[in-house]
Amino acid sequence: MTTLTPQNLTTEQFAEVLHGKPSTIRTRLCKTGSFYGIRPIKLPSGRLLWPADAVQAFLAGKGAV
């Protein structure tokens, strides 16, 4: 299992951890407002940061925190 540092992940990093595509994460976010319960932090620049602790809980099968 991949371990994450206690920081926020970019969408690209999040996709890499999930072995998926950033576009899949963005699409689900646009359609449902979250990625399986994980809500990103939106920066003033428009970039998204995903909470590493929520991502780690999701990967561990505990759902979003």
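In the block above lies the structure referred to throughout.
Keep in mind that this is a model prediction, so the values were computed, not measured. (Residues numbered from 1 in each chain as written. Predicted model: local features only at pLDDT ≥ 70, side-chain atom pairs only at ≥ 80, totals over all residues. Heavy atoms only, no water.)

Points about helix 3 (residues 52–59)
Then, number 1: Within helix 3, the full set of buried residues consists of Ala52, Ala54, Val55 and Ala57.
Then, number 2: On the buried face of helix 3, the contacting elements are strand 1 (8–10), helix 1 (11–18) and strand 3 (48–51).
Then, number 3: Taken from the residues just after helix 3, glycine 61 is the one with a positive phi, measuring 85 degrees. (Buried < 20%, exposed > 50% of the residue type's maximum accessible area, 1.4 Å probe, protein only. Helix = DSSP H or I, 4+ residues; strand = E, 2+ residues; numbered from the N terminus. Contact = heavy atoms within 4.5 Å.)

Thoughts on the sheet that holds strand 1
Then, number 1: Across the sheet, three strands lie side by side as 1-3-2; this open sheet has antiparallel pairing. On the outer flanks of this sheet lie strand 1 and strand 2 (41–42), each paired with one strand and no other.
Then, number 2: Across the sheet, helix 1 is in contact with strand 1 and strand 3; its angle to strand 1 comes to roughly 90 degrees. (Pairing = 2+ DSSP bridges. Axes fitted to C-alpha atoms, helices over the stretch in contact; angles between N-to-C directions.)

A closer look at the packing of helix 1 against helix 3
Then, number 1: Running from amino to carboxyl end, helix 1 crosses helix 3 at an angle of 15 degrees, the nearest separation of the two axes being 11 Å. Here helix 1 lies roughly parallel to helix 3, going by the angle between them. Crossing handedness for the pair helix 1 and helix 3: right-handed. Where helix 1 abuts helix 3, its residues Phe14, Val17 and Leu18 lie against Val55, Phe58 and Leu59.
Then, number 2: For the contact of helix 1 with helix 3, the class distribution of residues is six nonpolar, no polar and no charged. (Parallel < 35°, antiparallel > 145°, perpendicular 65-115°, else oblique. Left-handed = near helix turned anticlockwise from the far one by under 90°. Nonpolar A, V, L, I, M, F, W, Y, C, P; charged D, E, K, R; others polar.)

Points about the environment of glycine 37
Then, number 1: You can see glycine 37 is positioned in the loop between helix 2 (22–32) and strand 2.
Then, number 2: Spatially, the C-alpha atoms of glycine 37 and alanine 54 are 8.9 Å apart, while their sequence positions differ by 17 residues.

Examining the pairing of strand 3
Then, number 1: Residues Leu48 and Trp50 of strand 3 are buried on one face, and the alternating residues Leu49 and Pro51, pointing to the opposite face, are buried as well.
Then, number 2: Of the strand pairs in this sheet, strand 2 and strand 3 are connected by two bridges, and their pairing is antiparallel. Within strand 3, the residue paired with isoleucine 41 across the bridge is leucine 49.

Digging into the packing of aromatic side chains
Here the distance between the centres and the angle between the planes together describe a pair of aromatic rings.
Then, number 1: If you walk through the whole model with that rule in mind, you get five aromatic pairs.
Then, number 2: Between phenylalanine 35 and tyrosine 36, the ring centres sit 4.9 Å apart and the planes meet at 90 degrees, which makes this aromatic pair edge-to-face.
Then, number 3: The class of phenylalanine 35 is buried, set by a relative accessible area of 6%.
Then, number 4: On the accessibility criterion, tyrosine 36 (46% relative accessible area) is partly exposed.
Then, number 5: Aromatic rings pair up to connect Phe14, Phe35, Tyr36, Trp50 and Phe58 into one cluster. (Phe/Tyr/Trp six-rings, centres within 6.5 Å; stacked < 30°, edge-to-face > 60°.)

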